[in-house]
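Reading the structure
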Amino acid sequence: MTGDNATIPPHPTPRLGPRPLALHLATVAATLLSSSAALPHLRNGSLPWKPHLRERAEGLRRRIAATDADAFAQAVDREVRRQLNLALTGIERYRHHPYRRDLPDPPVLWTEGASRLLDYGALGPATGAPVLFVPSLVNRHYILDLSARKSLMRWLAAQGLRPFLIDWGTPGPLERRYSLTDYIAGRLERALAAVVEAVGRPVPVVGYCMGGLLATALAQRRPKEVAALGLLATPWDFHAEDAGMARRAASFFQPFGPLLDAWGELPVDVLQGLFAQLDPLLALKKFSQFARMEPDSRAALAFVSLEDWLNDGVPLVAGVARDTLAGWYGRNDTARGAWLVAGQPVEPARLRMPVLALIPERDRIVPPSSAVALARSIDRAQMIRPPLGHIGMVVSAGAETGVWRPLAEWLSAAG
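Residues numbered from 1 in each chain as written. Predicted model: local features only at pLDDT ≥ 70, side-chain atom pairs only at ≥ 80, totals over all residues. Heavy atoms only, no water.

A look at a nonpolar patch on the surface
A surface patch of nonpolar side chains, amounting to about 290 Å² of accessible area, comprises Met245, Phe275, Leu278 and Ile365. Its place among the elements puts Phe275 in helix α9 (residues 268–276). Phe275 gets classed as partly exposed once you look at its relative accessible area, which sits at 33%. (Patch = residues over 30% accessible without salt bridge, like charges linked within 9 Å, V, L, I, M, F, W, Y side chains within 5 Å. Areas by Shrake-Rupley, 256 points an atom, 1.4 Å probe, with all protein chains shown as cover. Salt bridge = Lys/Arg side-chain N within 4 Å of Asp/Glu carboxyl O. Helix = DSSP H or I, 4+ residues; strand = E, 2+ residues; numbered from the N terminus. Buried < 20%, exposed > 50% of the residue type's maximum accessible area, 1.4 Å probe, protein only.)

And the structure:
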């Protein structure tokens, strides 16, 4: 496991995740146990099937009716127990897995409050273009530097580029008063200024997911310092694919509204619960699969390293939570032209620098139609649509071919 720069203490403390653990356990149990509970309704035809499934359901009901009822019920019960045991085994093995990420940080160029600017170019020859990477505010920066085997930052540095990556850090008393304007027109602009001063010229800026929205606003505000704009799985039209789901996501945090002012932030487990609603069965599927892996296999190490990042979230400060959940998801302020930063609307059509949008076709977090809307609103923006998922585009086996290499080539030409 040393190849992944892992630290393996003799008796590592069990992980708290998958977070929120109680929600995942309840969802797994309820999903599997519902099979036995639904069996009588399946037999008598009273289950409310969707129209396109009714014919198949009726065929299933007839086949079940022709079998011994007690024997079939026992078979269902055995399968429920088997799958429940498999999922719980996977969760328990993950919680006690010895892997711990231990990659040394590159030099820090600049700091402010809880945030740092990491200079990955110091780890390589740094003969090519400098570039500033902007991650999301709700996940840790190191998805772009996940492990020794899966690090976009270190790979780009080895190609001769000089990547800088913002680590937003954990919000402290200062950041808890922030809005998106404070982050973009304040901290992000000052980070950009630090990079421009260090390299002596304008630089390309690349944003990942929510970071792409921050980078878009930054490029509009500082066109002389932003040489080009890269957008990785960046949403824009939050109602493009399923407006109802977007509005439900916005309403999910409303019960916490009165507590936001007291807390100053939306806690990590609340955010994780929101993301879990995108695919309620994901924990059941992925931990059942993990239970089948050899603990020391490359696949198991890759699973644990990614799951650790997923569970290592950061709170969303109150002002940003309102800006994003109510504004972006609820009202679709971005696509409506109503998203304001420092009192000015963010209008991608005003951008004149080269723009590359990498839009993964299998993205379940940012629907491709949402990201395409942003690219199409920018004159002459280039689009690449790799057959990857939202996270897979930066850490999967196909990431280097589908994303890393075309991004590096574009940056070398743009920078």
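Things to note about empty space enclosed by the protein
Per the counting criterion, the structure on display carries five cavities of 30 Å³ or more. Taken as a whole, the largest cavity encloses approximately 50 Å³ of empty space. If you go around the largest cavity, the residues you meet are Ser136, Asn139, Arg140, His141, Asp167, Trp168, Gly169 and Val314. For the lining of the largest cavity, the class distribution of residues is two nonpolar, four polar and two charged. (1 Å grid on protein atoms, 1.4 Å probe; cavity = no way out; pocket = protein on both sides within 12 Å on 5 of 7 lines; lining within 4 Å. Points joined across faces, edges and corners; volume = space filled by probe spheres on them. Nonpolar A, V, L, I, M, F, W, Y, C, P; charged D, E, K, R; others polar.)

So, the environment of Tyr178
Relative to the helices and strands, Tyr178 resides in the loop between β4 (162–167) and α5 (180–199). Tyr178 gets classed as buried once you look at its relative accessible area, which sits at 10%. With residues up to four places along the chain from it excluded, the contact list for Tyr178 reads Glu112, Tyr183, Arg187, Arg190, Val317, Gly319 and Val320. A polar contact is formed between the side chain of Tyr178 and the side chain of Arg187, at a distance of 3.3 Å. (Contact = heavy atoms within 4.5 Å. Polar contact = N/O pair within 3.5 Å; in protein donor to acceptor, adjacent residues only side chain to side chain.)

Here we look at the packing of aromatic side chains
Throughout the structure, instances matching the rule amount to eleven aromatic pairs. With a centroid separation of 5.6 Å and 50 degrees between ring planes, the pair formed by Trp155 and Trp404 is classed as tilted. In this pair, Trp155 is assigned in helix α4 (residues 152–158) and Trp404 in helix α16 (residues 399–414), connecting sequence segments 249 residues apart. The exposure class of Trp155 is buried, given its relative accessible area of 13%. Here the aromatic rings of Phe238 and Trp328 are separated by 5.8 Å at their centres, their planes lie at 25 degrees, and the arrangement is stacked. In this pair, Phe238 sits in the loop between β6 (226–232) and α7 (243–252) while Trp328 sits in helix α12 (residues 318–330), placing the two residues 90 residues apart along the sequence. Trp328 shares its class with Phe238; the two are buried. (Phe/Tyr/Trp six-rings, centres within 6.5 Å; stacked < 30°, edge-to-face > 60°.)

A word on α9
Counting buried positions along α9 yields seven of nine residues, so the element is predominantly enclosed. For α9, the complete set of buried residues consists of Val268, Val270, Leu271, Gln272, Gly273, Leu274 and Ala276.

Description of the side chain of Arg100
Summarising the element assignment, Arg100 is placed in the loop between α3 (69–96) and β1 (108–112). Notably, Arg100 is buried but unbridged: the nearest opposite-charge side chain belongs to Asp308, and the N-O separation is 5.4 Å. (Lys, Arg positive; Asp, Glu negative; His and termini not counted.)

With respect to the pairing of strand β11 (residues 355–358)
Both faces of β11 are covered, namely the face carrying Val355 and Ala357 and the face carrying Leu356 and Leu358. Across four bridges, β6 lies against β11 in parallel orientation. Along β11, the bridge assignment pairs Gly230 with Leu356. Pairing geometry for β11 and strand β12 (residues 382–384), over three bridges, is parallel. When the bridges of β12 are listed, Leu358 appears paired with Ile384. Between the parallel elements β11 and β12, the chain passes through helix α14 (residues 368–376) in a crossover that is right-handed. (Pairing = 2+ DSSP bridges. Right-handed = clockwise from strand over helix to strand, strands pointing away.)

A word on the layout of surface pockets
Roughly 290 Å³ of volume is contained in the second largest pocket. Arg15, Leu16, Gly17, Arg19, Tyr94, Arg100, Arg101, Tyr142, Asp308, Asn311 and Asp312 are the residues that line the second largest pocket. A breakdown of the residues in the lining of the second largest pocket according to their chemical character gives three nonpolar, two polar and six charged.

What to know about the sheet that holds β4
Reading across from one edge, β1-β2-β4-β3-β5-β6-β11-β12 is the order of the eight strands in this open sheet, with mixed pairing throughout. Among the strands making up the open sheet, the edge pair consists of β1 and β12. Sheet twist, expressed as the average angle between the axes of neighbouring strands with direction ignored, equals 20 degrees. Strand direction decides the pairing type here: strand β5 (residues 203–208) and β6, joined by six bridges, are parallel. Within β6, the residue paired with Val203 across the bridge is Val226. (Axes fitted to C-alpha atoms, helices over the stretch in contact; angles between N-to-C directions.)

Quick notes on the pattern of salt bridges
Pairing between side chains becomes possible if they bear opposite charge and their charged atoms approach one another. Per the counting criterion, the structure on display carries 28 salt bridges. For Arg82, the salt bridge goes to Glu79, with nearest N and O atoms at 2.7 Å. Taken as a pair, Arg82 and Glu79 lie in helix α3 at a separation of three residues, close to a single helical turn. Judged by relative accessible area, Glu79 falls into the partly exposed class, the value being 32%. The salt bridge involving Glu175 is made with Arg187; its shortest N-O contact spans 2.7 Å. Note that Glu175 is positioned in the loop between β4 and α5 and Arg187 in helix α5, a separation of twelve residues in sequence.

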